[in-house]
Amino acid sequence: MSDNCVFCKIINGSIPSEKVHETTNVLVFKDINPVAPVHLLLIPKKHIKSVNELQHSDGNIISELFEVASELGKSIPELQNNHRIIVSTGPDAGQVVEHMHFHLIGGRKLVWPPG
Ligand code: AMP
Ligand code: ZN
């Protein structure tokens, strides 16, 4: 938990969100500013600033994030054929919220390379 972190506040309920799924270590909610018909954010409940701060002991959290992404990718109809997981690290990569998160997007044709 980090005092000034918007995602930690979503986890503790002090900022509202549209929750989609929750596991022991992971929370999933709808992005407030979606860039695709389905745009979910998958976050660890532990405050990890970015990929660069991951520790070996966070392995269970990472596997749980991918497990949840895989389950949602199979169970949400718009994601079944195509979806993308994006994890930005650092401001020049577009990371605004300094609490590591997976964007899970789909429901439209996704272009490559991303912006
Ligand atoms: P990033 O730019 O990779 O740091 O992604 C942060 C994402 O969080 C953006 O897509 C925002 O639209 C989203 N976001 C910020 N605040 C909220 C909020 N209160 N509820 C839901 N999504 C949010
Ligand atoms: Zn946080």
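Above this text you will find the structure in question.
Summarised in this report is the structure supplied together with it. Here, residues in each chain are numbered from 1, in the same order as that chain's written sequence. To read the labels, note that chains go from A and ligands from 1, taken in the order they are written. In keeping with the predicted nature of the model, local features appear solely for residues at pLDDT of at least 70, side-chain atom pairs appear and are counted solely at 80 or more, and the whole-chain, interface and lining totals rest on all residues. Hydrogen atoms and water are omitted, and side-chain values are computed over all heavy atoms in the structure.

Turning next to the coordination of the zinc ion (ligand 2). Each metal's donors are the N, O and S atoms within 2.8 Å of it, or within 3.2 Å when it is Na, K or Ca, and because water is not part of the set, sites may look incomplete. Binding of the zinc ion (ligand 2) to the protein goes through C5 (SG), C8 (SG), H47 (ND1) and H99 (ND1), at separations of 2.1 to 2.3 Å. Under this scheme a four-donor centre is tetrahedral when all angles range from 85 to 135 degrees, a four-donor centre is square planar and a six-donor centre octahedral when opposite donors are above 155 degrees with the rest from 65 to 115, and any other centre is irregular. The coordination sphere of the zinc ion (ligand 2) comprises four donor atoms, whose angles at the metal cover 105 to 116°; the geometry is tetrahedral. Each donor residue of the zinc ion (ligand 2) belongs to the same chain, with the gaps between them written as C-x2-C-x38-H-x51-H. With C5 in the segment before α1 (6-12) and H47 in the loop between β3 (38-44) and α2 (59-75), the pair connects residues that are 42 residues apart, well separated along the chain. Between buried and exposed lies partly exposed: a residue is buried under 20% and exposed over 50% of the maximum accessible area for its type, with that area taken using a 1.4 Å probe on protein chains only. For C5, a relative accessible area of 6% puts it in the buried group. A run of H or I in DSSP counts as a helix once it spans at least four residues, and a run of E counts as a strand once it spans at least two, with each numbered from the N terminus.

For the rest of this paragraph, the subject is the site of ligand 1. Definition of nearness: a residue and a molecule or strand are near each other if at least one heavy atom of the residue lies within 4 Å of the molecule or strand. Lining the immediate environment of ligand 1, one finds 14 residues, of which D31, G94, V96, H101 and H103 sit closest. Pairs of N or O atoms are called polar contacts if they sit within 3.5 Å, as long as, within protein, a hydrogen donor faces a hydrogen acceptor (for residues adjacent in sequence, only side-chain-to-side-chain pairs). In this structure, D31 approaches ligand 1 through a side-chain N or O atom, which is 2.5 Å from an oxygen atom. V96 has a polar backbone atom sitting 2.6 Å from an oxygen atom of ligand 1. Per-residue and other accessible areas were derived by the Shrake-Rupley procedure at a 1.4 Å probe size, with only the shown protein chains allowed to occlude residues. For ligand 1, whose free accessible area comes to 500 Å², the fraction covered by protein is 82%. Looking at the shell around ligand 1, the elements with two or more residues in it are α1 and β2 (26-30). Three categories are distinguished: nonpolar for Ala, Val, Leu, Ile, Met, Phe, Trp, Tyr, Cys and Pro, charged for Asp, Glu, Lys and Arg, and polar for the others, with Gly belonging to the last. For the shell around ligand 1, the residue count by class is seven nonpolar, five polar and two charged.

Turning to its location among the elements, K109 is positioned in the segment after β5 (102-106). Between the C-alpha atoms of K109 and A36, which are 73 residues apart in sequence, the distance is 9.2 Å.

Buried residues of nine kinds, namely Ala, Val, Leu, Ile, Met, Phe, Trp, Tyr and Cys, make up a nonpolar core once their side-chain atoms join them within 4.5 Å. Judged by nonpolar contacts, the single largest core of 16 residues is most densely connected at V28, L40, L42, L65 and L72. Where this core is concerned, the elements lending two or more residues are β2, β3, α2 and β5. In terms of residue count, α2 provides more of this core than any other element does, five residues in total. Each residue touching L40, except ones within four places of it in the same chain, is listed here: V20, V28, F29, K30, D31, L72, I76, F102, H103 and L104. By size, the runner-up hydrophobic cluster in this structure holds nine residues, among which are C5, I10, I43 and V97. Residue contacts are defined here by distance: any two heavy atoms, one from each residue, within 4.5 Å place the two residues in contact.

To continue, consider the packing of aromatic side chains. Stacked, edge-to-face and tilted labels apply to pairs of Phe, Tyr and Trp rings (six-membered ring for Trp) whose centres lie within 6.5 Å, assigned for plane angles under 30 degrees, over 60, and everything in between, in that order. Applying the stated rule across the entire model yields two aromatic pairs. Between F7 and F29, the ring centres sit 5.5 Å apart and the planes meet at 80°, which makes this aromatic pair edge-to-face. Taken together, the positions of F7 in helix α1 and F29 in strand β2 put the pair 22 residues apart, joining distant regions of the chain. An identical accessibility class is assigned to F7 and F29; each is buried.

Without other data, these values stay purely geometric and don't point to any function.
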